[in-house]
Amino acid sequence: MKNSVSRYLVDVVLIVVFTMLGRQTHEHGLSILGIAQTAAPFLLAYFLISVVARFAWPRRVGGIWPDAVLTWLVTAGLGLVFRVLFGATAAPAFQIVTFVTLGLFLVAHAAIRALISRKSRRTGLSSK
């Protein structure tokens, strides 16, 4: 359970960092309200896919495939849809940056977790 909570927490932090980087790049400021408004569509999409993943493939949650890849695609894609529905813009360049950045953040995070887990399992097995 602790692993799951830390996984979700790191993903949420990465999504917030993504929005902060975007706001800073476009000189929108880093107020808490501004960050929350920008991050909300992506966090909502992330929350929805995380809940669905727990039921759809519970044994694979936390893995790279299908969990991390689908989490990235749904968080980015549905987050952009929510962003537009909430009244913000989603220019093609922003869509590309969103998919690339969230892909790097979310999938790389899952890959790093998988490597650490694999290495700790091997280390644990070899020390017995």
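About the cut-offs
- Residues numbered from 1 in each chain as written.
- Predicted model: local features only at pLDDT ≥ 70, side-chain atom pairs only at ≥ 80, totals over all residues.
- Heavy atoms only, no water.
- Core = buried A, V, L, I, M, F, W, Y, C linked by side-chain atoms within 4.5 Å.
- Buried < 20%, exposed > 50% of the residue type's maximum accessible area, 1.4 Å probe, protein only.
- Helix = DSSP H or I, 4+ residues; strand = E, 2+ residues; numbered from the N terminus.
- Contact = heavy atoms within 4.5 Å.
- UniProt positions renumbered as here; feature names shortened; annotations may be inferred.
- 1 Å grid on protein atoms, 1.4 Å probe; cavity = no way out; pocket = protein on both sides within 12 Å on 5 of 7 lines; lining within 4 Å.
- Points joined across faces, edges and corners; volume = space filled by probe spheres on them.
- Nonpolar A, V, L, I, M, F, W, Y, C, P; charged D, E, K, R; others polar.

As annotated in an unreviewed UniProt entry, the protein is DUF3054 domain-containing protein from Neomicrococcus aestuarii.

Membership of the largest hydrophobic core is limited to nine residues, which are Ile 15, Phe 18, Phe 42, Tyr 46, Ala 76, Leu 80, Ala 90, Leu 102 and Leu 106. Those elements giving two or more residues to this core turn out to be α1 (2-25), α2 (32-56), α3 (64-85) and α4 (92-126). For Tyr 46, the residues in contact, after removing those within four places along its chain, are Arg 7, Tyr 8, Asp 11, Val 12, Ile 15, Thr 71 and Thr 75.

Let's shift gears to the UniProt feature "transmembrane region" (unreviewed entry) in the protein. Mapped onto this numbering, the UniProt entry annotates "transmembrane region" (unreviewed entry) at residues 7-26, 32-57, 69-88 and 94-116. The straight-line gap between the two end C-alpha atoms of residues 32-57 is 35 Å; of that span, 96% is helix and 0% is strand. For residues 69-88, the end-to-end C-alpha separation is 25 Å, with 85% helix and 0% strand making up the annotated structure.

Turning next to empty space enclosed by the protein. Per the stated rule, a full pass over the model turns up one cavity of 30 Å³ or more. Every residue lining the largest cavity is listed: Arg 7, Asp 11, Ala 68, Thr 71, Leu 106, Ala 110 and Arg 113. Counting residues per element, the ones that place at least two in the lining of the largest cavity are α1, α3 and α4. Here the lining of the largest cavity is composed, by residue class, of three nonpolar, one polar and three charged.

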